[in-house]
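Notes for the structure review
Here's the letter readout for the chains.
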Amino acid sequence: MAHAPLPLAPPRRFGETSRRDAWWVQSAVTFAILGAFVVYATWAAFQGAYYESGPYLSPFYSPLLFGDSTHAWFGPQPAWWPHALPFSAALLILWAPGGFRFTCYYYRGAYYKAFWADPVSCAVGEPGFRTTGRYRGERYFPLIVQNVHRYFLYIALGFLVVLAYDVVKATRFPDGFGIGVGTLVLAANVVLLGCYTLGCHSLRHVVGGYLDRLHGRPARKAAYDCVSCLNRVHMRFAWASLVSVAFADLYVRLCAMGIWHDARIF
Ligand code: FES
C-alpha cells in the first residue's frame, strides 16, 4: 500500500532551534583554535626567520629548499628569485600540508559549521540560501574541488618521511649523537602527524575500501583494520597534531631567539 508523503516541516529561521544543549560551544571552540592556528601559521610563514636552532628545524619550514643553513637541500637562495618578493621557505611548502588539512573530511565538517554556519549545527535553522534550493553541496563546483583531498594525501605521506628525517637530524649535535627536549618535541609531532595522516578516510579507501570483500586478502584486511583503528579517533589526532605542529614551530622559534634554552637529555 502506498503511503502519502509526510508533510515537510516548515523551514526554520536562521539559528532557530528547539535544542536545549549548548550546541554552539563546539563550533565556537573550533573557530577559536583553528582561527588562531591559521593566524599563527600565516605569520610564521611570512616571517622567514628563527625557524632553525642547532639541529632543530621548524616543521613549517621543512623541507628547507634554499638557504645558508645546513638544513637547506639545494644551497643558497637562487639568484633568479625576484628580490621584490618576500622569500620564505614556508611559503613554498605550506600549501601542501595546509591543503591536506583544509580538505580533510573531518575539518570540512568542523569549519563549515564554525566559519560558514553552513550548516550551523544539527537541527538548527540554516542560512536563508539553504532553503531557496540554491544549495549545491559538495557534488558541484566549487565544493566538489574538496575531492582533491585524495591527492593531497600522497603529498602528506611524503611530508611524514621528511619530518621523520628531521627527527633523525635533530639527534646530530656538534659533539655527536644526543637527544634534547627539542628532539622529543619534533619526534612527538611526527608521531601525532603520523596518527592523523594514517587515519585518513582516503587512505582507508586506498588500502582496501574499494573492494567489496576483504575475505581472502589478509594483508589488505590488516592494513584496512589498522587505518580504521586510527580513523575512529581521527578527530582527536586532527586537533592534537594541529597543536603539536604549531608548538614544534614555537619551540624552535623561541630557542632560536634565545628566549627558551634547549635542555640536553643526553
Ligand atoms: Fe582527515 Fe583525510 S580525512 S586527513
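Residues numbered from 1 in each chain as written. Predicted model: local features only at pLDDT ≥ 70, side-chain atom pairs only at ≥ 80, totals over all residues. Heavy atoms only, no water.

- Under an unreviewed UniProt entry, the protein has the name Putative integral membrane protein and belongs to Gemmatirosa kalamazoonensis.

**Notes on the pattern of salt bridges**
- This model, assessed by the stated rule, comprises five salt bridges.
- In this structure, Arg 19 and Asp 21 form a salt bridge, with 2.7 Å as the shortest nitrogen-oxygen distance.
- The exposure class assigned to Arg 19 is partly exposed, which follows from its relative accessible area of 29%.
- Its relative accessible area of 41% is what places Asp 21 among the partly exposed residues. (Salt bridge = Lys/Arg side-chain N within 4 Å of Asp/Glu carboxyl O. Buried < 20%, exposed > 50% of the residue type's maximum accessible area, 1.4 Å probe, protein only.)

**Brief notes about the side chain of Arg 108**
- Of note, Arg 108 is situated in helix α4 (residues 105-114).
- Given a relative accessible area of 4%, Arg 108 falls into the buried group.
- A polar contact is formed between the side chain of Arg 108 and the backbone oxygen of Thr 103, at a distance of 2.8 Å.
- Arg 108 has contacts with Phe 102, Thr 103, Glu 138, Gln 146 and His 149, leaving out every residue within four places of it along the chain. (Helix = DSSP H or I, 4+ residues; strand = E, 2+ residues; numbered from the N terminus. Polar contact = N/O pair within 3.5 Å; in protein donor to acceptor, adjacent residues only side chain to side chain. Contact = heavy atoms within 4.5 Å.)

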